[in-house]
Amino acid sequence: MKRYCYCDSPIGRMLLVGENGVLEELHFPKAAEKLSIPAKWQKDETCFVETLRQLRQYFAGDRRQFDCPMAPRGTPFQERVWQELCNIPYGETASYGAIAQRIGNPKACRAVGMANSKNPIPIIIPCHRIIGKDGSLTGFGGGLAVKKQLLDLERQALAG
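Within every chain, residues take consecutive numbers counted from 1 along the sequence as written. With pLDDT at 70 or above as the cut-off, local features in this predicted model cover only qualifying residues; side-chain atom pairs require 80 or more to be listed or tallied, and sums for whole chains, interfaces and linings still use all residues. As a rule here, side-chain values cover all heavy atoms of the structure and leave hydrogens and water aside.

1. Some remarks on the packing of aromatic side chains
Turning to step 1, where the next piece is worked out: Aromatic pairing here means that ring centres of Phe, Tyr or Trp (its six-membered ring) are within 6.5 Å. Orientation follows from the plane angle: under 30 degrees is stacked, over 60 is edge-to-face, and everything else is tilted. In this structure the tally under the stated criterion is 6 aromatic pairs.
Turning to step 2, where the next piece is worked out: Where Tyr58 meets Phe59, the ring centres are 5.2 Å apart and the plane angle is 75°; that geometry is what we call edge-to-face. The exposure classification of Tyr58 matches that of Phe59, with both residues buried.
Turning to step 3, where the next piece is worked out: Relative to Tyr90, the ring of Tyr58 has its centre 6.3 Å away and its plane inclined at 85°; by these criteria the two rings are edge-to-face. With a gap of 32 residues between them, Tyr58 in helix α2 (residues 49–59) and Tyr90 in the loop between α3 (76–85) and β5 (94–95) connect regions that are remote in the sequence.
Turning to step 4, where the next piece is worked out: Categorising residues by exposure relies on relative accessible area from a 1.4 Å probe, with only protein chains included: less than 20% of the type maximum marks a residue as buried, more than 50% marks it as exposed, and the intermediate range marks it as partly exposed. The exposure class assigned to Tyr58 is buried, which follows from its relative accessible area of 0%.
Turning to step 5, where the next piece is worked out: The side chain of Arg13 reaches across the aromatic face of Tyr6, ending 4.0 Å from its centre. The helix count covers DSSP runs of H or I at least four residues long, the strand count covers runs of E at least two residues long, and both are numbered beginning at the N terminus. Think of it as a cone above the ring: NZ of Lys or CZ of Arg counts as a charge over the ring if it is within 6 Å of the ring centre and within 35 degrees of the ring normal.

So this is what it looks like as structure tokens:
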């Protein structure tokens, strides 16, 4: 049975969804507000205690990597991209092209962008760290203002 809970954060109220304590989805505030929770889902904050703890640490600037239980679901290509996103160091960024290169498919920049946009667990799988090859902030499910806020949070925590 799917379980869910909300997490208040500096970027707004996010929705966490999963089963058996394993996070499967994290929805940004705008998406969480629009999502209709199926009646068969059960609200249960105890299911995601560790994930909530780690998210709070991240937003406080005290966590740089996540190790909470998660199970993002996607195609093998998407999952390879998401795994590579987790290798981008905290406070740093990479381009779509760099990720395509790292996964051994240098011509797959657009496919990397599409996989990035399908990331079901943003922040924890740090898709906000992907930027355009010219260094510009590009599309982001949470909105560019949130992307900038997350990158600024990481840079400030490193500087502090």
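2. Side note on the pattern of salt bridges
Turning to step 1, where the next piece is worked out: Salt bridges are defined by distance alone: a side-chain nitrogen of Lys or Arg within 4 Å of a carboxyl oxygen of Asp or Glu. For the coordinates displayed, the defined rule picks out 10 salt bridges.
Turning to step 2, where the next piece is worked out: Residues Arg102 and Glu84 are paired through a salt bridge, measuring 3.8 Å at the closest nitrogen-oxygen approach. Of this pair, Arg102 sits in helix α4 (residues 96–102) while Glu84 is found in helix α3, placing the two residues 18 residues apart along the sequence.
Turning to step 3, where the next piece is worked out: Owing to a relative accessible area of 42%, Arg102 belongs among the partly exposed residues under this scheme.
Turning to step 4, where the next piece is worked out: Residue classification places Glu84 among the buried positions, given a relative accessible area of 14%.
Turning to step 5, where the next piece is worked out: In this structure, Lys148 engages Asp152 in a salt bridge whose closest nitrogen and oxygen atoms are separated by 2.7 Å. Taken together, the positions of Lys148 and Asp152, both in helix α6 (residues 144–159) and 4 residues apart, correspond to about one turn of that helix.
Turning to step 6, where the next piece is worked out: Residue Lys148 is classed as partly exposed on the basis of its relative accessible area of 43%.

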